[in-house]
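Architecture and fold: a report
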Amino acid sequence: MADMEQKYNHLGEILRSLNKVVVAFSGGVDSTFLLKAAIDFLGRDRVLAITADSETYPERERLEAIALAQSLNAPHEVIHTSELNIPGYAENPSNRCYFCKNELFSHLQPIAELKGYDHVIFGAIADDLGEHRPGLQAAHDRGVRAPLMEAGITKAEIRHLSRGMGLKTWDKPSFACLSSRIPYGEKITQDKLSMIDQAEQFLMQLGFRQVRVRQHDRLARIEVVPQQLAELIAVAETVDAKLREIGYAYVSLDLRGYRSGSLNEVLSVQALGERAI
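Everything numeric here is computed off the predicted structure, so don't read it as measured data.

Cut-offs and rules
- Residues numbered from 1 in each chain as written.
- Predicted model: local features only at pLDDT ≥ 70, side-chain atom pairs only at ≥ 80, totals over all residues.
- Heavy atoms only, no water.
- Salt bridge = Lys/Arg side-chain N within 4 Å of Asp/Glu carboxyl O.
- Helix = DSSP H or I, 4+ residues; strand = E, 2+ residues; numbered from the N terminus.
- Buried < 20%, exposed > 50% of the residue type's maximum accessible area, 1.4 Å probe, protein only.
- UniProt positions renumbered as here; feature names shortened; annotations may be inferred.
- Phe/Tyr/Trp six-rings, centres within 6.5 Å; stacked < 30°, edge-to-face > 60°.
- Lys NZ or Arg CZ within 6 Å of the ring centre and 35° of its normal.
- Contact = heavy atoms within 4.5 Å.
- Pairing = 2+ DSSP bridges.
- Axes fitted to C-alpha atoms, helices over the stretch in contact; angles between N-to-C directions.

Moving on: the pattern of salt bridges. Tallied over the full model, the rule gives 24 salt bridges. The partner of Asp-40 in a salt bridge is Lys-36, with the nearest N and O atoms 3.4 Å apart. Placement of both Asp-40 and Lys-36 in helix α2 (residues 29–42) is noted, with a separation of 4 residues, approximately one turn of the helix. Put simply, Glu-223 and Arg-214 hold a salt bridge, and the shortest N to O gap is 3.1 Å. As far as the burial class goes, Glu-223 and Arg-214 line up, both buried.

Per the UniProt entry, the sites bearing "domain: NAD/GMP synthase" (unreviewed entry) are residues 18–80 in this numbering. Structurally, residues 18–80 is divided into 44% helix and 25% strand, and its ends, taken at the C-alpha atoms, are 26 Å apart.

A few words now on the packing of aromatic side chains. The final tally for this structure, using the stated rule, is 3 aromatic pairs. With 6.1 Å between their ring centres and 50 degrees between their planes, Tyr-8 and Phe-33 make a pair best called tilted. With Tyr-8 in helix α1 (residues 2–18) and Phe-33 in helix α2, this residue pair connects regions lying 25 residues apart in the sequence. Classification of Phe-33 by relative accessible area gives buried; the value is 0%. Residues Phe-105 and Phe-122 carry aromatic rings whose centres are separated by 5.3 Å and whose planes lie at 70 degrees to one another, so their mutual orientation is edge-to-face. With Phe-105 in helix α4 (residues 96–115) and Phe-122 in the loop between β4 (119–121) and α5 (134–142), this pair connects stretches of sequence that are 17 residues apart. Side by side, Phe-105 and Phe-122 carry an identical accessibility label, which is buried. These aromatic residues form a ring-pair network of at least three members: Tyr-8, Phe-33 and Phe-41. Positioned over the ring face of Tyr-117 is Lys-20, at 4.8 Å from the centre of the ring. Note that Arg-163 overlies the ring of Trp-170, its terminal NZ or CZ placed 4.2 Å from the centroid.

Moving on, we get to unusual backbone geometry. We note that Asn-19 has phi near 70 degrees; this positive angle belongs to a residue other than glycine. Mapped onto the secondary structure, Asn-19 falls in the loop between α1 and β1 (21–24). Even without being glycine, Asn-92 reaches a positive phi, approximately 60 degrees. Turning to its location among the elements, Asn-92 is positioned in the loop between β3 (76–80) and α4. Accessibility expressed as a relative area gives 0% for Asn-92, which makes it buried.

Take Gly-123: it is sitting in the loop between β4 and α5. For Gly-123, a relative accessible area of 17% translates into the label buried. Along the sequence, Gly-123 and Ser-26 sit 97 residues apart, while their C-alpha atoms lie 9.0 Å from each other. For Gly-123, the residues in contact, after removing those within four places along its chain, are Asp-30, Leu-34 and Leu-148.

The sheet built from 3 strands is open, its strands ordered β5-β6-β7 with mixed pairing. Of all the strands in the sheet, the pair left with one neighbour each is β5 (211–216) and β7 (250–253). Between one strand axis and the next, the sheet turns through 25 degrees on average, direction left out of account. Across 4 bridges, strand β6 (residues 219–224) lies against β7 in parallel orientation. Considered in β7, the bridge of Leu-219 is made with Tyr-250. Those strands touched by helix α8 (residues 190–205) are β5 and β6, and its axis lies near 150 degrees from that of β5.

Spelled out as structure tokens, the structure:
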């Protein structure tokens, strides 16, 4: 507990050194905690939250981000971006997230400069180090800071601290852009993103909070937390019918359950194969 308190105090030191900040705000667990900390340490007059609305960002997330910013009394703007218009993004290379974050920061930095903010910050955390996170390289290239990562704060610590602050996101399921449901090398299209969004929204309405629908051509591979596998099997017929209505030809359940970045697993397999050759 003392270590967590030291990290939070260090976060405050980092934020105060940045003076005035634009926060890349998705409304997720990490960016909400970062926004709250920025307001607490800097004051709302030195903080601006900006949410990027695009094809890969579900409407439900945009609306929740707006509501969260209002609940924190945070200055907030929503801008519109289009990842599918970024050259190379739709082809879905393994460094796809670099294109996305680079595009985001290319919008946020001019706004920060125009409005007199000193830095752009985003919610990367200590857990992200060592994982396949091309977006971190984009942040490095553009000089965007990650105060939570710099303070060494983990996801578990953010959830614990968020709960103590009364943030409703303390137990919010992890979220990543809809493009992360499509295997690398398979083209990203608006139709695919729409199908994924509809399928995940339906599963959430059934009570599956942490869910992913990974799209492999016309096959939907559903991931839920292991504790809910039996619950999904119990409504398999209903889920199968709905996802076929959405446009999938096949509907499957991943027996390993939900895990963050499961489509990155193939990168490790490919790397092992390349080293063996």
